[in-house]
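Reading the structure
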Amino acid sequence: MTDRSPPQDDQAAATASTSSSSLFFSPSLSNQVYHLRGTPRSRPRRRHGFTVWPVKYEQRKCNDEVHGEVTIPPAVQVVLDSPAVQRLANLKQLGCAFNTYPSCSHSRKEHSLGVMETAHKIITTSYVGKQQLNITEMDILCLRIAGLCHDLGHGPYSHVYESFLKESYKQEKDNPELYSERNARFKEEFGMDLPPLPEKYEHEMTSLMMVDDMLATNGLEIDWGALDEPLKQVGDGIDRETFGVMRKNKNEPGEATVDHFTSRDFIFIKECIYGKPLVCPDSPVPQTAFVGRSKEKEFLYDIINNRHSGLDVDKSDYYARDGMRSMGRKDSYNALLRTAVVAWGICPNREVCFDCKDKANAEEARHLMICYPVKHISEAMSFFETRINNHDKIYTHKKTKAAELLMVDLMLESDRHFSMLLSTQHDDPDAFPTHSRFAQFEFPKLPLSRAWMYPRLFLRADDSIVGVIENKALESNDKNLVSLKKILKSFRTHKFYKCVGEFEIDEIGGETLWDMDENDIKREMVTILLETEGNRIARTNARYEYGNEEQLTLDTKDIIVEKRELHYGRREKNPVLQMNFLEKKHFEEIETLPIEKLPLAGPPEKLPLNKPEHFIKRTIRFFSRNREKNELLGHAFQNWKIAKEEGNYSEKMCFEDIDDEGESQSNPALLTQESSSYSAVKRRKLDF
């Protein structure tokens, strides 16, 4: 049982009578803390004016469906138990893909534990751990924590939240009048405007914010003024002197020696997550180089987020995990990772690399990087093929995307009405502590689109947010919430949007069409639907007649245009050519060579036979928001596609009646201009 006796200040303990047999000093602990004999080491004490708890030396284990048994050291357990990491258990790894593949309900927490374990294995089971690279236990522990924390910045339904923020920014920029009323209500209550949204949102930056929040929850903070000193103790929590690499003390059973984390170590963790030097607000000034580790250890940055080729432990875990959950595939890239080796390599991205872009020639642009044997070139290509296949069949499957688009609309509609959805808990004494950089954050409440701006808000922004929105909508009698309630009902009853058409841009339009704005495509589609027999109707809607009973109006708001880009990880480039491989002859002495004498690896001279002809595939898909208009929008898509294929918008713009045998009837001109300036078309059989 944990001792809950009142904590004693270190100074008071030091001046206490040492003649008493009940006190002893443990020289094995780097923080030099006095303990009571017979009491557990979890006893709290006063340090730097705060009540702190020492980290227990406890190795825990858990089982993972991909990696088997996973060992969790004490420092990792502290991070794992923090609210920021526990929140990941309520985030689905694949967002809305569970609607397509019911077993794809695994969480970000499962994936993060897998990345943590794979980061450990790539060091301990490959050549990397056997080479003369001066890799320390602290380096490995930092990599494990980086793997555990790399996805802390994902919002509700993972990447759906990013799509929601992108669309929110676009709507607020293009239609500010739609949000003026919301801002007016917010300003009336709090005397301030809503904070503006950035043009681009990076979940990695939010991950860095949540790493700081994890430390703040434990009473710690990075100190840029003392990088090689222990983390700064800023509040009650864990003892900074016992937070780090722990080893059993053979001379003192039950005791442990500790190499504590420094501020530089956690900067290294954040750099591993971000994949490049830190910028404000995560550093006092934008950095131009890595700070966490020296140039001799730059290969460590390739493990979590590989900026050179994209082959890293993050992707190796989710490729394997997602394939297993969706299609039962048991892909494992551990065999490839076990052959990883560190060597010198020419920078494959010299034009954008922060370290190489100013160097005169390629020979000077060298890095110590993770490389692989030449014999595994085919395996590397298969790794990147898995990426494009997973994106095609799982992540952007048309049903998955239809559910995501509905979820984005749900978030947008709720954000418009509930501008004070989440409380920032400014006056709550039991609220989790936050980083000192948020001391001037004055907003009492914020909507979902701003939840990422403040850690306390973001801790509650997980997949359960749909229930929060639903409760607020059902409790309100506001007539303006009809649309939101309709979307909620569609989501609960699985009535997602309908994909009515798709084509590759290489077939039609090419890059010109790809660069065309989505709103322009929608307007063009409706305009083409309205054209008949050379007459152009200057309207943005059309009517579709179901017999003599009803007519539907097609509006651009009924159409969603999605531009889908599938590639192997490096857009138009072959990712294998951005990797560096080592000849077999170099492995004979690789384990004994010092860093400066490591061989120079290079890109493959001969590519595998399974190399694809093209490395990027662009498609445009059309979704219908209104189930009643699916057929009408399908007709509009077919007419628009014909016009784009022929490059002529005034020909073949009318539908033909098709009989049961698929033959054309005698009256092809069923699109007619009416006095009301609408076009009516009779219902007919579709042939697509």
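Cut-offs and rules
Residues numbered from 1 in each chain as written. Predicted model: local features only at pLDDT ≥ 70, side-chain atom pairs only at ≥ 80, totals over all residues. Heavy atoms only, no water. Buried < 20%, exposed > 50% of the residue type's maximum accessible area, 1.4 Å probe, protein only. Helix = DSSP H or I, 4+ residues; strand = E, 2+ residues; numbered from the N terminus. Pairing = 2+ DSSP bridges. 1 Å grid on protein atoms, 1.4 Å probe; cavity = no way out; pocket = protein on both sides within 12 Å on 5 of 7 lines; lining within 4 Å. Points joined across faces, edges and corners; volume = space filled by probe spheres on them. Nonpolar A, V, L, I, M, F, W, Y, C, P; charged D, E, K, R; others polar. Core = buried A, V, L, I, M, F, W, Y, C linked by side-chain atoms within 4.5 Å. Contact = heavy atoms within 4.5 Å. Axes fitted to C-alpha atoms, helices over the stretch in contact; angles between N-to-C directions. Parallel < 35°, antiparallel > 145°, perpendicular 65-115°, else oblique. Left-handed = near helix turned anticlockwise from the far one by under 90°. Phe/Tyr/Trp six-rings, centres within 6.5 Å; stacked < 30°, edge-to-face > 60°. Salt bridge = Lys/Arg side-chain N within 4 Å of Asp/Glu carboxyl O. Patch = residues over 30% accessible without salt bridge, like charges linked within 9 Å, V, L, I, M, F, W, Y side chains within 5 Å. Areas by Shrake-Rupley, 256 points an atom, 1.4 Å probe, with all protein chains shown as cover. Lys, Arg positive; Asp, Glu negative; His and termini not counted. Charge placed at Lys NZ, Arg CZ, Asp CG, Glu CD. pLDDT = per-residue confidence, 0-100.

1. Focus: the pairing of strand E13 (residues 341–346)
Within E13, 5 of the 6 residues are buried, which leaves it mostly tucked inside the rest of the structure. For E13 and strand E14 (residues 366–373), the ladder comprises 6 bridges, and the chain directions are antiparallel. Counterpart to Val-342 in the pairing with E14 is Ile-370.

2. Some points on empty space enclosed by the protein
One pass over the full model with this rule turns up 2 cavities of 30 Å³ or more. In this structure, the largest cavity occupies an estimated 60 Å³ of space. Taken together, Asp-302, Asn-306, His-308, Ser-309, Leu-311, Met-369, Ile-370, Tyr-372, Gln-578, Met-579 and Asn-580 form the lining of the largest cavity. At 3 residues, the largest contribution of residues to the lining of the largest cavity is made by E14. Among the residues forming the lining of the largest cavity, the class breakdown is 5 nonpolar, 5 polar and 1 charged. If you add up the space inside the second largest cavity, you get close to 50 Å³.

3. Observations concerning the sheet that holds E13
A sheet is described by the order of its strands in space; here 3 strands give the open sequence E13-E14-E21, paired in mixed fashion. Two strands in the sheet have a free side with no partner beyond their single neighbour: E13 and strand E21 (581–582).

4. Comments concerning the nonpolar core
Counting residues in each nonpolar core, the largest one holds 155 residues, and the members touching the most others are Tyr-161, Phe-243, Phe-261, Phe-266, Ile-303 and Tyr-372. Among all residues touching Phe-266, those that are not within four sequence positions of it are Val-211, Met-214, Leu-215, Ile-222, Leu-231, Phe-243 and Phe-261. Formed by 23 residues, the second largest nonpolar core is a distinct cluster that contains Met-516, Leu-530, Leu-554 and Phe-622.

5. Focus on the packing of helix H8 (residues 203–217) against helix H9 (residues 263–274)
Contact pair H8 / H9: the axes reach a minimum separation of 9 Å and the direction vectors enclose 155°. The angle between the axes of H8 and H9 places the two elements in the roughly antiparallel class. Judged by the sense of rotation from one axis to the other, the crossing of H8 with H9 is right-handed. Across the interface between the two elements, Glu-204, Met-205, Ser-207, Leu-208, Val-211, Asp-212, Met-214 and Leu-215 from H8 touch Phe-266, Lys-270, Ile-273 and Tyr-274 from H9. Residue composition of the contact of H8 with H9, by class: 8 nonpolar, 1 polar and 3 charged.

6. Quick word on the packing of aromatic side chains
In total, this model carries 30 aromatic pairs according to the counting rule given. Taking the centre distance of 5.4 Å and the plane angle of 65° together, the rings of Tyr-201 and Trp-452 count as edge-to-face. One end of the pair, Tyr-201, is in the loop between helix H7 (177–190) and H8; the other, Trp-452, is in the loop between strand E16 (445–446) and helix H15 (455–459), with 251 residues separating them in the sequence. Taken as a pair, Tyr-201 and Trp-452 share a single burial class, namely buried. With a centroid separation of 6.3 Å and 25° between ring planes, the pair formed by Phe-503 and Phe-637 is classed as stacked.

7. Structural notes on the pattern of salt bridges
One pass over the structure, following the stated rule, counts 49 salt bridges. A salt bridge links Glu-65 to Arg-321, with the shortest nitrogen-to-oxygen separation between them at 3.9 Å. Here Glu-65, found in the loop between strand E6 (60–64) and strand E7 (68–72), pairs with Arg-321, found in helix H11 (residues 313–327); they are 256 residues apart in sequence, far enough to count as distant. Between Asp-139 and Arg-293 there is a salt bridge whose closest N-O contact spans 2.7 Å.

8. A few points about a positive patch on the surface
A cluster of basic residues, Lys-398, Lys-489, Lys-495, Lys-498 and Arg-627, forms a positive patch on the protein surface. Locating Lys-498 in the fold gives a position in strand E17 (residues 498–504).

9. A few points about the confidence of the model for the protein
When pLDDT is averaged along the protein, the result is 84, and 84% of the positions lie at 70 or above. Confidence drops under pLDDT 50 across residues 532–541; counting only partners more than four residues distant or on other chains, this segment forms 26 contacts. Of the regions scoring below 50 in pLDDT, residues 649–688 engages in 94 contacts with residues more than four places distant in sequence or in other chains.

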